[in-house]
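Examining the three-dimensional arrangement
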Amino acid sequence: SVAEIRAGFAAIKANIQARDPIRTHSILSHPRSLHKVKSSDRCCITHHLFDFYVDKVFKHCKTEDSYVNRKISSIANSFLSVRRKLGQCHEQNQCMCGQESTEKFKQILANYEGLNVTSAAMKSLGELDILLDWMEKSR
Amino acid sequence: SGELYCSLLNPRNVRFESINMKNVLHWSAPEGTGNGVLYKVKYSIYGVGKWIRKPECRNINRTWCDLSSETSDYEEQYYASVKAFLNGMFSDWVETTRFNPLTDTKIDPPMVSVSSTEKSISIILTAPEKWKRSPEEESVSLLQVYPGLQYNVSVLNKKTKKRWFFSISNHTLIVPRLEPGTAYCVSAQIHVTTPLLDSGFSKEHCIATLKDK
């Protein structure tokens, strides 16, 4: 569940964010904040983002700290189960993708590809609270 | 020839301390330095390129700087940084960790008001307000910031020492079927499920139910 993801992330947030020295670049929140996404597009963006984290991010987030690695894999597992539920919405056409969400997600991918894969993955992981804050606020 | 310059030890423990989103940067003086050290402060929005100086915290000798105004947008995250200088020597810039006003603030307990009848107590709870720039500015309750905000309420029968706990989302609570002419003490706490945030419990508010007629 999202609460499990939140708790898991809170436990490693300082550690993960300390591994990201780049202050001037964000994957999720700039140049356009997630909070500016229209409500009709939220489900689609959320679905895209869960795919993004599962398919692109977690696999590149290995650290030398076994405790941190365990937390990352438990967060990844929680993502998988939430993604499954989102997938059901997608199948039942309750998760339509408008042009805005497509544009927003392209921007996120461009931000991600603007860095080397390890830095991009670690930065994305360090921005999980940005994703969770946005999801909870827009519930 | 090498350039000779003296550097000052760094400020320590640079961090945000935040209560109800009043976000104040705090630090400790460099080790071994007495009075006379001055500081300057800058901050940046995470994901945006530039550092921004805080003029009101330039050449200051105190070890805090109120950045509430600069960090009031809680949809953003921030870094802040401090530099010390003394007699021509200066330290490095020392940064905070990434500050997220939404998850990194502490919340004050709710305000509690109570009234009673013969056999019941009515409790009204008020969540604290988010910090605001001036009294004239429109108030924003933390209830608006945290839609999942709940209250944990404790009611103690002073005579029997029996205690009840209630967890409510509504801001009012009526506790029925109480003993007439008895003192009850009420205390309440704010509980936000996600992000996980708990206030302390408020101080106790005691009231007696009316005596039987």
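By convention here, each chain's residues receive numbers from 1 onward along its written sequence. Both sets of labels track the order of writing: A upward for chains, 1 upward for ligands. The predicted origin of the model limits local features to residues at a pLDDT of at least 70 and limits the giving and counting of side-chain atom pairs to 80 or more, whereas totals for whole chains, interfaces and linings rest on all residues. Heavy atoms from the whole structure form the basis of all side-chain values; hydrogens and water molecules are not counted.

Here we take up the nonpolar core. The set of buried Ala, Val, Leu, Ile, Met, Phe, Trp, Tyr and Cys residues whose side-chain atoms join them within 4.5 Å is what this entry labels a nonpolar core. Each residue's exposure class comes from its accessible area (1.4 Å probe, protein chains only) as a fraction of the maximum for that residue type: buried when under 20%, exposed when over 50%, partly exposed otherwise. Leu28(A), Leu49(A), Phe52(A), Tyr53(A), Phe79(A), Leu128(A) and Leu131(A) are the most contacted members of the largest nonpolar core, which totals 40 residues. Put simply, DSSP H or I for four residues or longer makes a helix, DSSP E for two residues or longer makes a strand, and each gets a number counted from the N terminus. Taken together, the elements giving at least two residues each to this core come down to helix 1 (2-18), helix 2 (42-57), helix 3 (66-91), helix 4 (99-113), helix 5 (117-126) and helix 6 (128-137) of chain A. A contact between two residues is defined here by any heavy atoms of the two lying within 4.5 Å. Residues in contact with Leu131(A), not counting those within four places in the same chain, are Leu28(A), Leu34(A), Leu49(A), Phe50(A), Tyr53(A) and Phe79(A). The next biggest cluster of nonpolar side chains, apart from the first, holds 27 residues, and it includes Tyr151(B), Ile168(B), Val186(B) and Ile190(B).

For the rest of this paragraph, the subject is unusual backbone geometry. Residue and element names in this part refer to chain B. At the junction of Thr194 and Pro195, the peptide bond is cis and its omega measures out at -5 degrees in the coordinates. For Pro195, the location among the structural elements is in the loop between strand 14 (183-192) and strand 15 (197-198). Phi is positive for Lys161, close to 65 degrees, though the residue is something other than glycine. Checked against the element boundaries, Lys161 lands in the loop between strand 11 (149-157) and strand 12 (163-168). Classification of Lys161 as exposed rests on a relative accessible area of 57%.

Take the domain arrangement of chain B next. Residue and element names in this part refer to chain B. Annotation of chain B at the domain level lists domain 1 (12-104) and domain 2 (111-208). Each domain span listed reflects an automatic or database assignment of domains. Distance between the C-alpha centres of domain 1 and domain 2: 35 Å. The interface is formed by 10 residues belonging to domain 1 together with 10 residues belonging to domain 2. Joining two parts hides part of their accessible area as seen by a 1.4 Å probe, and the buried area is that hidden amount summed over both. Carbon and sulfur atoms make up 60% of the surface buried where domain 1 meets domain 2, a total of about 940 Å² over both sides. Any carboxyl oxygen of Asp or Glu within 4 Å of a side-chain nitrogen of Lys or Arg constitutes a salt bridge here. At the surface where domain 1 touches domain 2, the tally comes to 0 salt bridges.

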